Amino acid sequence: MIKRFFRLVWRQMNVQLKIRIFNQYTVLLFFLQPLVFSAVGMILARAAGNLAPDLVYTVIGGGIMGMWSGLVFTSTWDITRDRLYGTLELIVGSPTSLGKVEAIRTFTNVMAGLVSLAAAFLAAMLIFNYSLAGANLAGALVSLLLILFGLWSIGIFLANFLVWSRLSDQMVEFLELPVAVLCGFMYPLRILPVWMQDISMIFPIRWALGALDECLSGSHDLAVLGLQWGLALGIALLFWAMARWLDGKVHDLVRISGELNSI
Amino acid sequence: MKSKAAGGSAILRTIRLYFIQAWFSYRALYLWNTPLNYFISKFGYSFFAMLMFMFIGKFAGLADPLYIVTGNILLMPSMNGISGVSTAVADEKRFGTLSYLFGSPAGRAPVFMGRALFPVLDGFLTAAVAMPVALLLFHLDLSKTNLWLLLGCILLISFTTSGLGFILGSISLVNRDGWMITSSIEVGLFILVGVNFPVDLLPPFVRVISYGLPMTRGIQAARLALAGANWPAVSQLVLGEALVGVIYALLGYTLFRLIERRSLVSGALDDL
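In this text the structure is predicted, and so the values were computed from the model without any measurement. (Residues numbered from 1 in each chain as written. Chains lettered and ligands numbered in written order. Predicted model: local features only at pLDDT ≥ 70, side-chain atom pairs only at ≥ 80, totals over all residues. Heavy atoms only, no water.)

## Some words on the overall build of chain A
Worth spelling out the cut-off: Put simply, DSSP marks the helices as runs of H or I at least four residues long and the strands as runs of E at least two long, and each gets a number from the N terminus on. The globule rule used for comparison is 2.2 Å times the number of residues to the exponent 0.38, while the radius of gyration itself is calculated over C-alpha atoms. For every residue, the accessible area obtained with a 1.4 Å probe (protein chains only) is divided by the maximum for its type, and the residue is called buried under 20%, exposed over 50%, and partly exposed between those limits. Note that accessible areas follow from Shrake-Rupley with a 1.4 Å probe, and for residues the cover is restricted to the protein chains shown. Counted as positive: Lys and Arg. Counted as negative: Asp and Glu, with His and the chain ends omitted from the count. The location of each charge is read from NZ of Lys, CZ of Arg, CG of Asp or CD of Glu.
Summing up its helical and strand segments, chain A has 11 helices and 0 strands in all. Mapped in sequence order, the helices and strands of chain A form the string α-α-α-α-α-α-α-α-α-α-α. A compact globule built from 263 residues would reach a C-alpha radius of gyration of about 18 Å, and chain A, at 19 Å, matches this within 12%. Each principal axis of the C-alpha atoms in chain A carries an extent, and together these give about 60 × 40 × 40 Å. Of all 263 residues assigned to chain A, the portion counted as buried reaches 54%. For chain A, the accessible area works out to roughly 12,100 Å², and carbon and sulfur atoms hold 70% of it. Side chains of chain A give 17 positive and 15 negative charges; the mean places of these two sets differ by 11 Å.

## A closer look at the overall build of chain B
For clarity, the cut-off: In what follows, residue pairs with any heavy atoms lying within 4.5 Å of each other are defined as contacts.
Helix and strand counts for chain B come out as 10 helices and 0 strands. Reading the helices (α) and strands (β) of chain B from amino to carboxyl end gives α-α-α-α-α-α-α-α-α-α. Its C-alpha radius of gyration of 20 Å places chain B within 12% of the 19 Å reference for a compact globule of 272 residues. Overall size of chain B, expressed as C-alpha extent along the three principal axes, is 65 × 45 × 40 Å. Expressed as a percentage of the 272 residues in chain B, the buried residues total 52%. Here the contacts in chain B between residues at least 6 apart in sequence split such that 78% fall between residues at least 24 apart. Summing over all exposed atoms, chain B offers an accessible surface of approximately 12,700 Å²; the carbon and sulfur share of this is 72%. With 19 positive and 12 negative side-chain charges, chain B shows a separation of 9 Å between the mean positions of the two kinds.

## Regarding the packing of helix α2 (residues 25-47) of chain A against helix α2 (residues 35-60) of chain B
Heads up, the rule is: Angles run from 0 to 180 degrees between N-to-C directions of axes, and those axes are lines fitted to C-alpha atoms, restricted for helices to the stretch in contact. Here roughly perpendicular refers to angles of 65 to 115 degrees, roughly parallel to angles under 35, roughly antiparallel to angles over 145, and oblique to all remaining angles. Less than a right angle of anticlockwise turn of the near helix away from the far helix marks a crossing as left-handed, whereas a clockwise turn marks it as right-handed.
The contact between α2(A) and α2(B) brings their axes to 8 Å, and the two run at 40°. Comparing the axis directions of α2(A) and α2(B) gives the class oblique. Like other packed secondary-structure pairs, α2(A) and α2(B) cross with a definite hand, here right-handed. In this structure, α2(A) uses A:Gln33, A:Phe37, A:Val40, A:Gly41, A:Leu44 and A:Ala45 to contact α2(B), whose residues at the interface are B:Tyr45, B:Met52, B:Phe53, B:Ile56, B:Gly57 and B:Ala60.

## Overview of the nonpolar core
Our working rule: By convention a nonpolar core is built from buried Ala, Val, Leu, Ile, Met, Phe, Trp, Tyr and Cys residues, the set being connected through side-chain atoms within 4.5 Å.
Formed by 139 residues in total, the largest nonpolar core has its most connected members in A:Trp68, A:Phe185, A:Tyr187, A:Ile205, B:Met52 and B:Val193. Among the elements that line this core, the one with the most residues is helix α6 (residues 137-164) of chain A, at 13 residues. What A:Ile205 contacts, discounting residues up to four positions off in sequence, is A:Trp68, A:Ile147, A:Gly150, A:Leu151, A:Ile154, A:Val179, A:Cys183 and A:Phe185. In terms of nonpolar packing, the next biggest core, distinct from the first, is built from 15 residues, B:Leu98, B:Leu101, B:Ala249 and B:Phe256 among them.

## A look at the packing of helix α3 (residues 55-85) of chain A against helix α8 (residues 176-183) of chain A
Residues and elements named next belong to chain A. Put simply, the rule is: Put simply, Ala, Val, Leu, Ile, Met, Phe, Trp, Tyr, Cys and Pro go in the nonpolar bin, Asp, Glu, Lys and Arg in the charged bin, and everything else, Gly too, in the polar bin.
At a minimum axis distance of 10 Å, the contact between α3 and α8 shows a crossing angle of 150°. One finds that α3 runs roughly antiparallel with respect to α8. Judged by the twist between their axes, the crossing of α3 over α8 is right-handed. Between α3 and α8, the residues in contact are Met65, Trp68, Ser69, Val72 and Phe73 and Glu176, Leu177, Val179 and Ala180, respectively. Split by residue class, the contact of α3 with α8 holds 7 nonpolar, 1 polar and 1 charged.

## A short note on the environment of B:Val120
Residues and elements named next belong to chain B. The residue Val120 is located in helix α5 (residues 108-138) in this model. The buried category is assigned to Val120, whose relative accessible area is 12%. For the pair formed by Val120 and Thr161, sequence separation is 41 residues and the distance between their alpha carbons is 8.4 Å. If sequence neighbours within four positions are ignored, Val120 has contacts with Leu155, Ser158, Phe159 and Ser162.

## Details of the interface of chain B and chain A
As a reminder, the rule being used: A simple way to read buried area is as the amount of 1.4 Å-probe accessible surface that goes missing from two parts once joined, with both sides added. Salt bridges are defined by distance alone: a side-chain nitrogen of Lys or Arg within 4 Å of a carboxyl oxygen of Asp or Glu. By the criterion applied in these results, polar contacts are pairs of N or O atoms within 3.5 Å in which, for protein atoms, one can donate a hydrogen and the other can accept it, and in which residues neighboring in sequence qualify only through two side-chain atoms.
With 36 residues of chain B at the contact, the number on the chain A side is 37 residues. Summed over both sides, the interface between chain B and chain A buries roughly 3,400 Å², with carbon and sulfur atoms accounting for 80% of that surface. Seen at the junction of chain B and chain A, the total is 0 salt bridges. Remark: the boundary between chain B and chain A carries 3 residue pairs in polar contact (both at pLDDT 80 or more). A per-element tally of the side of chain B that touches chain A places α2(B) first, with 17 residues. For the side of chain B that touches chain A, the residue count by class is 23 nonpolar, 11 polar and 2 charged.

Put into structure tokens, the structure is as follows:
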């Protein structure tokens, strides 16, 4: 049973990674767009008279942006591609549930997105001499794992809408920038108006990012970090539970109505 | 007399073909969509990109976000001019109608150029609608604005971006990842054409690329018109922008004809 599950995970990840590697759009999502946003941040910082940009937000934030954009577009495009090529029906009809397939694919997409973050860290360290000395590395690692889990939970939640209706892909893709704006990928949340900060509380990555920022600044305050980690984990689990519930609903809907190919 | 009448009817046929092609290609681009999705695709990305850059600017220490607001509004026509036009050209291949198009006796110029008409008008309207919205949301001061000149600049920007759209659409006919190139260039415009900061802040070699692109001069002219400049103050920028737009449109058309000729010789266009 466990062996079969890992075989499924391995096969799915293998195919998914090949698709990602051979898709040039990945380059745009993981590298080019974050680079452009970071460059704008750096030039604006210089225009404002700053000697150096804030590397955590301007450069490493760009990497987080790349991970998020990669997840939104790859996960939506996975379902859209299945619909286009006629393989969505085959997956829905197979004994392995679509939810499980999507969970593995989204996991692969999230992990693949790490290259964007790794590139941003490398750029910060090699080009701008960013140093991790003094940073709470263990805390940063926990925060990063929670960012990944948060991204994954949102990814599998959103995937249901794409199975539900082909028109939802534009709505889901549209979420790319609003979530990036609200979660403060490239600036601290205190910059936002209070009402926007309040809305951002529903996203697990917002809390995990806050904790990552604290850890990179050298904070070891477990009370503050623990609260942010707890909220990130709790909200991500909530997204995961909603995704499971929606998965069942959507699965029933497309099987009962038989309208998978027409919706 | 007869040949004069035949010539007149040929012109009428060409004009009719131009408008019919323009209308059908525009309908093919958007008619399948729901009004909400259409609205979101028009304003959503641009609005939130603008917010993102505004907050990045605020964090960097810029006190006045209006430069970024107006720049991003002026960039809006590029969504139609670049993506719309290039998709209208590239979708011929995607949906398998390119072979029929190349096999038809219809004049290529109206068929090709017609694809820009409605995206240009749509892009112009999008930016024209966004300006009053910015007036309300961001207290954009239009009291000194030379309105007709500003509208003229926006229309010109819409046209010149369609020239780039023609080139990218033609590239998409021979490259399966052409839309990726289109998307990359669109993202690059946030840096290159003076949307979020003046192009003078760019390194000299990047500035050369900036002035080789459509929109750079058009956006500068529109900013001057917003501040109340009159025609003599912006004429050079406007004429330069128009020239760049014409060059890009001609390059796109030439590329399209070259691809057509190559496909007739090799018969391999659908394999690419």
